[in-house]
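# Structural characterization, general
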Amino acid sequence: MRMRRKKHGAERIAACSELLIEHPELLMNDPCAPFSEKKPLALEIGCGKGNFACGMAEKYPEVNFIAVEKVPAVCCIALEKAKARGEQRATDNLRFIISDAKALSENIPEHSVDCIYLNFSDPWPKSGHAKRRLTHRGFLEMYKDLLAPNGEIVFKTDNRPLFDFSVEGLSDIFNVNGPKDITPKDIAPYGNRCSAQEYNRFFDVINEMAEEDKETAGRILAHRDRAVSAAKCCPTYEEFLKF
């Protein structure tokens, strides 16, 4: 569902201007320039209402986070949330960009990003919309250029067709050997962004992927209820199991 334009949206975004990178093209000179300190850089593409970005920035003060969202009305919510939670961040390590992901190659220098997060991206189910998927080969080639040596992509989805589509592209471009190299930890859930119904589908995917490891599948599914009601982010599979 398309979000309606926010009333006084421009004014509300302007009120959070200290968190907004208004001229992302300037990042080409120094992607950490908007921050008070140079640190490893993480990028979330399609940040939505900002739950994950805010949680990660609070949890990892040693990392600078840039959250990208192309819909101004959605990013407005994320900005206001980040501003309201400012005191919970130990360092000034969170910024937002209102932009289409396609522009990242024009705004961020190559080999400067340590981690790219793709969290429950729009699956764009129609075949004619495949190029819009954030794991389409065109985007994956761009991510490969943006990532620093030993950088990583953390991809999470509850949509099996998107997962299969993404595995194929990742296998080709990043030389991973298909699903055996892409395990349940690569799509671990976080927070309460998904509904209970969506989590049910999500865990069904995990269970199917873990058929060869019944113990792991059992441990994951044992956490189903807590995952649905969770209010904090679990960025890794290991942290999720401790949750």
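Values in this document were obtained by computation on a predicted structure and should not be read as measured data. (Residues numbered from 1 in each chain as written. Predicted model: local features only at pLDDT ≥ 70, side-chain atom pairs only at ≥ 80, totals over all residues. Heavy atoms only, no water.)

## A few points about unusual backbone geometry
Backbone geometry at Trp124 places phi at a positive 40 degrees, although glycine is not the residue there. On the secondary structure map, Trp124 appears in the loop between strand S4 (113-119) and helix H5 (137-146). (Helix = DSSP H or I, 4+ residues; strand = E, 2+ residues; numbered from the N terminus.)

## Structural notes on the side chain of Asn64
Note on placement: Asn64 falls in strand S2 (residues 64-69). Owing to a relative accessible area of 0%, Asn64 belongs among the buried residues under this scheme. Polar contacts involving the side chain of Asn64 include one to the main-chain carbonyl oxygen of Glu37, which spans 2.9 Å. Once residues lying within four places of it in the same chain are set aside, the contact partners of Asn64 are Cys32, Phe35, Glu37, Lys38, Lys39, Pro40, Leu41, Ala42, Asp92 and Asn93. (Buried < 20%, exposed > 50% of the residue type's maximum accessible area, 1.4 Å probe, protein only. Polar contact = N/O pair within 3.5 Å; in protein donor to acceptor, adjacent residues only side chain to side chain. Contact = heavy atoms within 4.5 Å.)

## Quick word on the confidence of the model for the protein chain
Per-residue confidence for the protein chain gives a mean pLDDT of 80; residues scoring 70 or more make up 69%. Confidence over residues 179-197 falls short of pLDDT 50; this stretch has 62 contacts with residues more than four positions distant or in other chains. Between residues 224-243, whose pLDDT stays under 50, and residues either more than four places distant or in other chains, the model counts 52 contacts. (pLDDT = per-residue confidence, 0-100.)

## Thoughts on the environment of Glu25
By the element assignment, Glu25 lies in the loop between helix H1 (9-14) and strand S1 (41-45). Note: C-alpha distance between Glu25 and Asn107 (82 residues apart in sequence) is 4.3 Å.

## A few points about the nonpolar core
Counting 29 residues, the largest nonpolar core has Leu43, Ile45, Ile66, Leu104, Ile116 and Tyr143 as its most contacted members. At the level of secondary structure, the elements contributing two or more residues to this core comprise S1, S2, S4, H5, strand S5 (147-156) and helix H6 (160-174). If sequence neighbours within four positions are ignored, Leu104 has contacts with Leu43, Ile45, Val68, Met142 and Leu146. Counting 24 residues, the second-largest nonpolar core is a separate cluster that includes Ala53, Leu94, Phe96 and Val154. (Core = buried A, V, L, I, M, F, W, Y, C linked by side-chain atoms within 4.5 Å.)

## Here we look at helix H2 (residues 51-59)
Among the nine residues of H2, seven are classified as buried, and the element is accordingly described as predominantly covered. Of the surrounding elements, those touching the buried residues of H2 are S1, S2, helix H3 (72-84), strand S3 (94-98), S4 and S5.

## A short note on the pairing of S3
With four of five residues buried, S3 is to be regarded as a mostly interior element. The sheet contact formed by S2 and S3 spans five bridges and is parallel. Residue pairing across strands places Glu69 opposite Ile98, the latter belonging to S3. Viewed along the sheet, the connection from S2 through H3 into S3 turns out right-handed. (Pairing = 2+ DSSP bridges. Right-handed = clockwise from strand over helix to strand, strands pointing away.)

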